[in-house]
Amino acid sequence: KLGIDLAKAKLLKKEQEILYKAADAYVGLISAKEKYAINNSNVNLLERQVETDRIRLERGNISLSDVAQSESSLAGAKANLIQAENDLLTSRLNYENVIGTIIDENSLQQSIQSIANIPLSLENAIELSKQNNHDVKIAELELKQAEKDITIAKSDLAPTASLSLERSYTEDLR
């Protein structure tokens, strides 16, 4: 019975790990898509800014250092866009590895609704984690199993006694 409870606890822990990985992959992909879109928009904005600054430089409204500063900002934004593109690719691969093939990436939606009740305080969160920590449950079951194993091992070392009784009956037929 104890071994079955231990196996169930380990299975529940593994299920929770898989669910966490799936949620992390899903949220990670949505976040990476948004980050990429923001960085792409930023690059477009700064490209227009650089063009505007070059025109203003030709007219003598700004100095060359102002244009250089705009170009520097654009270069930084392009570097951030490349990083965001790499993060998006990594998130896609992680999603496909954990969940499966992405059929329509645009169908992934961000939701603000929680599927679980969020604790109202840190104390509630700590108490909840103590009650539902699968590692603690597994450790408790392993402790009980080890205690039973010790009891069995001690009984193997204890002296044993055996009793046998034999009876025989003979009848003389003379």
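You'll find the structure just up there.
In this text the structure is predicted, and so the values were computed from the model without any measurement.

A. Looking closely at the overall build of the chain. Helix and strand counts for the chain stand at 4 helices and 0 strands. Relative to the compact-globule value of 16 Å for 174 residues, the chain shows a C-alpha radius of gyration of 35 Å, a clear excess of over 25%. With the C-alpha coordinates aligned to their principal axes, the bounding extent of the chain is approximately 145 × 40 × 30 Å. Split into buried and exposed, the 174 residues of the chain put 17% on the buried side. If the 21 positive side-chain charges of the chain are averaged to one point and the 27 negative ones to another, these points end up 2 Å apart.

B. Highlighting the packing of helix α1 (residues 2-59) against helix α2 (residues 64-98). Two numbers describe how α1 lies on α2: the axes approach to 7 Å, and their chain directions differ by 160 degrees. One finds that α1 runs roughly antiparallel with respect to α2. In this structure, α1 crosses over α2, and the sense of that crossing is left-handed. Considering only residue class, the contact of α1 with α2 consists of 19 nonpolar, 10 polar and 12 charged.

C. A look at the environment of Ile 38. Along the polypeptide, Ile 38 turns up in helix α1. A residue is classified by how much of its surface remains accessible, and Ile 38, at 59% relative accessible area, is exposed. Sequence separation between Ile 38 and Ala 84 is 46 residues; the distance between their C-alpha atoms is 9.2 Å.

D. Molecular detail of the pattern of salt bridges. Inspection of every chain in the model, using the stated rule, returns 8 salt bridges. Close ionic contact of Lys 14 with Glu 17 constitutes a salt bridge, the shortest N to O distance being 3.4 Å. Taken as a pair, Lys 14 and Glu 17 lie in helix α1 at a separation of 3 residues, close to a single helical turn. Overall, Lys 14 belongs to the partly exposed group, its relative accessible area being 47%. Overall, the relative accessible area of 33% leaves Glu 17 in the partly exposed class.

What counts, and where the lines are drawn
Residues numbered from 1 in each chain as written. Predicted model: local features only at pLDDT ≥ 70, side-chain atom pairs only at ≥ 80, totals over all residues. Heavy atoms only, no water. Helix = DSSP H or I, 4+ residues; strand = E, 2+ residues; numbered from the N terminus. Rg over C-alpha atoms; globule rule 2.2 N^0.38 Å. Buried < 20%, exposed > 50% of the residue type's maximum accessible area, 1.4 Å probe, protein only. Lys, Arg positive; Asp, Glu negative; His and termini not counted. Charge placed at Lys NZ, Arg CZ, Asp CG, Glu CD. Axes fitted to C-alpha atoms, helices over the stretch in contact; angles between N-to-C directions. Parallel < 35°, antiparallel > 145°, perpendicular 65-115°, else oblique. Left-handed = near helix turned anticlockwise from the far one by under 90°. Nonpolar A, V, L, I, M, F, W, Y, C, P; charged D, E, K, R; others polar. Salt bridge = Lys/Arg side-chain N within 4 Å of Asp/Glu carboxyl O.

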